[in-house]
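Single-letter residue listing:
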Amino acid sequence: MAQRGATGQRQTGAGRVEAEGRDERTAAATPALAIEGISKQFGSGDDAVQAVDDVSLSVDRGSVVGLLGPNGAGKTTLVKSALGIVVPDAGTVRVFGTDVAEGRRAAYTDVDAMLEGARNDYWRLTVRENLRYFATIHGVDPNSVADRHEQLLERFDLATKADTAVRELSRGMKQKVSLASVLAGGAELVFLDEPTLGLDIESSRTLRSELRRLAREEGLTIVVSSHDMAVIEDICDRVVMMADGEVVADDTVAALLSGADRDSVRVTSAGIDDGVLARLRDRFEVARVETVDGRRRVEVGAGGDTLYELMDTLRAAGVTVEDIRTVQPELEEVFVDRTGMESGGGRSR
Amino acid sequence: MSRDATADDGSRATTDGDATTPRPATYYHLARAVLYREFLIFVRYPANAIGGIVVSLFFFGLLFYGGRLLAGQALTDSLEGIIVGYFLWTLSVGAYSSVSNDIGSEVQWGTLERHITTPFGFAPVALLKGVAKVVRTFLTSAVVLAVMLLLTGTWLSIDPLAVVVIAGLAITSVLGLGFAAGGVTVLYKRIGNWLNLLQFGFIVLISAPVFELPWTRVLPLAHGSALLQRAMVDGTRLWEFGPLELGLLVAVAVGYLAGGYLVFYYATRRARRLGVLGDY
């Protein structure tokens, strides 16, 4: 992977070695992506839509940041603004320290993106030809990264299809080719929009594992936008949640989950009838009631001292508890809490 | 220990000690990549080129045999001029539609967006693709010309230097129109079919009365068409044209190419402002 100096310009060979020592500490402190006060409005008058409203965020080098939000939250506009595909009304975007408005060539040398709903590569070329082509347009002599391309083909299980035209591959394989071509030029910052869309479980797992490896071992910085909470939870160090064009949460996955800890337990028993349920509702917050194999499974807001109260209440009602366990919050619940919407795009009720 | 490999495009790759260090690509690498891609698509998917040749010859057959039935000797007397004009028209249509349609396809595939986020940008790629399209169009139109000559039993003075230079510069102006149309497609999307109608306007430009109305020489194709007629029908050599005539040919070509390219550039910029660059 190519190295960058603090100026953001790709440096290779002797120039790089000379500059490395001088710039190393400054470069390490410079975030891969720094977005300051980005706003974008589409349309005008009554039809105006504020897609992104004064959003700022910073992405450290080598980190994996997830972008979550319902449809229309402003994720795509934010990503496209960062990539220069959309020109924001206000704000600045710095990529490895370079303001994209001042130096596009320098800023985008080590950036690539896989956008959702597009082919992203040339289906009439073979897989290998796509890797070579996209490496070149990203400013890298493809011959100098031929070994890297072979590794990518191996890692994405594309080696046997390397000389096959992309149009002849399955949807999942095309998705892999798209991702491999994004990595072909040795980009250090990549934007991935729904990277696992169309992949089977095994391919999705392989891809997630590869993304984690690239971030950990090669210092790749990844901004991933996805509706798939499992993907975000699995690979991201940090999650930025957006709603109505604004950032509503920005924290590590662990912090977001711990913040959503509601001290809830899930009690399972055949003895929880409607009467018991009414008594529980009088005294506790009952979040969810299910019937599984003739047994009632009730999620009750109780922890610490209130947990003893819950147990006393059940005992007094003659209920034999068959199973009780603490409820672990899920990212999707945090998402719904913070955005007030379902992950699929609709507002929760 | 070093290992040399020959890449698909014939270039040599060295994977010895320093080879794992990515080397920056220059405009030479970019040109090679873009032209090689166009070459691969041309040789791997010849159906488009063959289809274009067949359709061109079909319409010429209609024109030739239909014209003979209706106009008889009058058509025979002007046949050489018709063949040269038709040859230039096929060149123009090929260059125009391939550039404008190609830009539309790049928008649709999302590859235009990817080019925007590269250090080179889409501009040099679009120009290089234009060069490739012109070369490709010359090859297919040469086949059309040869068949037209055989079909009609006509003989023209084909000095390759004069034909390539004059026809090449003439269709460079059309290339500019193709870029402009591509820019409009980037902004307004599905209007490719309407823009393709413009190619019928090329017939008017090719047959423009440049002697009676000299100002028409500054229109695309018109002056080039007149010079090509003289080169191919009268056998005028390239160096026998006056410097003013050649200068005007170059100026019209460069002017329309630059103008069309500016339209494309500003349309792309406006699409980025409106946030519609990748919408299709």
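Quick note: structure is the one above.
Residues numbered from 1 in each chain as written. Chains lettered and ligands numbered in written order. Predicted model: local features only at pLDDT ≥ 70, side-chain atom pairs only at ≥ 80, totals over all residues. Heavy atoms only, no water.

**Student:** I'm lost on the overall build of chain A in this one. Help?
**Tutor:** The helix and strand inventory of chain A stands at twelve helices and 16 strands. Pairs at least 24 apart in sequence give 68% of the contacts found in chain A among residues at least 6 apart. Split by element, the accessible area of chain A, about 15,200 Å² in all, is 43% carbon and sulfur. (Helix = DSSP H or I, 4+ residues; strand = E, 2+ residues; numbered from the N terminus. Contact = heavy atoms within 4.5 Å. Areas by Shrake-Rupley, 256 points an atom, 1.4 Å probe, with all protein chains shown as cover.)

**Student:** Where do I start with unusual backbone geometry in this structure?
**Tutor:** Comment: phi is negative for the bulk of residues other than glycine, and the bulk of peptide bonds are trans. Residues and elements named next belong to chain A. The phi dihedral of Asp-157 is positive, around 55°, even though this residue is not glycine. Inspection of the secondary structure assignment puts Asp-157 in the loop between α5 (146–155) and α6 (171–183). Even without glycine at this site, Glu-194 takes up a positive phi of about 50°. The topology assignment puts Glu-194 in the loop between β9 (189–193) and α7 (201–218).

**Student:** What exactly am I supposed to notice about the environment of Val-111 of chain A here?
**Tutor:** Topologically, Val-111 of chain A is positioned in strand β8 (residues 111–114). Relative accessible area serves as the criterion here: at 1%, Val-111 of chain A is assigned to the buried category. (Buried < 20%, exposed > 50% of the residue type's maximum accessible area, 1.4 Å probe, protein only.)

**Student:** Teacher, can you tell me more about the sheet that holds strand β6 (residues 90–95) of chain A here?
**Tutor:** Two modes of strand pairing occur in sheets, parallel and antiparallel, and in both the strands are linked by backbone hydrogen bonds. All names here are of chain A. The four strands lie next to each other as β4-β3-β6-β7, forming an open sheet whose pairing is antiparallel. The open sheet has two edge strands with one neighbour each: β4 (49–59) and β7 (98–99). Across two bridges, β6 lies against β7 in antiparallel orientation. Each residue of the ladder has a partner; that of Arg-94, found in β7, is Asp-99. Where helix α2 (residues 75–83) meets the sheet, its contacts fall on β3 (33–42), β4 and β6, and the angle it forms with β3 comes to roughly 120°. (Pairing = 2+ DSSP bridges. Axes fitted to C-alpha atoms, helices over the stretch in contact; angles between N-to-C directions.)

**Student:** Honestly, empty space enclosed by the protein in this entry has me stumped. Any pointers?
**Tutor:** Empty space among the atoms becomes apparent when a probe as large as a water molecule is rolled across them. Residues and elements named next belong to chain A. Overall, the coordinates contain five cavities of 30 Å³ or more when judged by the stated rule. Here the second largest cavity is characterised by a volume of approximately 60 Å³. Taken together, Leu-33, Ile-35, Leu-57, Val-59, Val-65, Leu-67, Leu-78, Val-79, Ala-82, Phe-191 and Val-223 form the lining of the second largest cavity. Secondary structure elements with two or more residues in the lining of the second largest cavity: β3, β4, β5 (64–68) and α2. Broken down by element, the residue count for the lining of the second largest cavity peaks at three residues, all from α2. Looking at the lining of the second largest cavity residue by residue, the class counts come to eleven nonpolar, no polar and no charged. (1 Å grid on protein atoms, 1.4 Å probe; cavity = no way out; pocket = protein on both sides within 12 Å on 5 of 7 lines; lining within 4 Å. Points joined across faces, edges and corners; volume = space filled by probe spheres on them. Nonpolar A, V, L, I, M, F, W, Y, C, P; charged D, E, K, R; others polar.)

**Student:** Whenever I open this one, the interface of chain A and chain B confuses me. Can you help?
**Tutor:** With 49 residues of chain A in contact, the opposing surface of chain B contributes 46 residues. Carbon and sulfur atoms supply 53% of the area buried between chain A and chain B, which totals about 4,300 Å² over both sides. Area buried by chain A at its contact with chain B is led by Arg-105, Tyr-122 and Arg-124 of chain A, which between them contribute 16% of it. Applying the counting criterion to the chain A and chain B interface returns four salt bridges. (Buried area = accessible area lost by both parts, 1.4 Å probe. Salt bridge = Lys/Arg side-chain N within 4 Å of Asp/Glu carboxyl O.)

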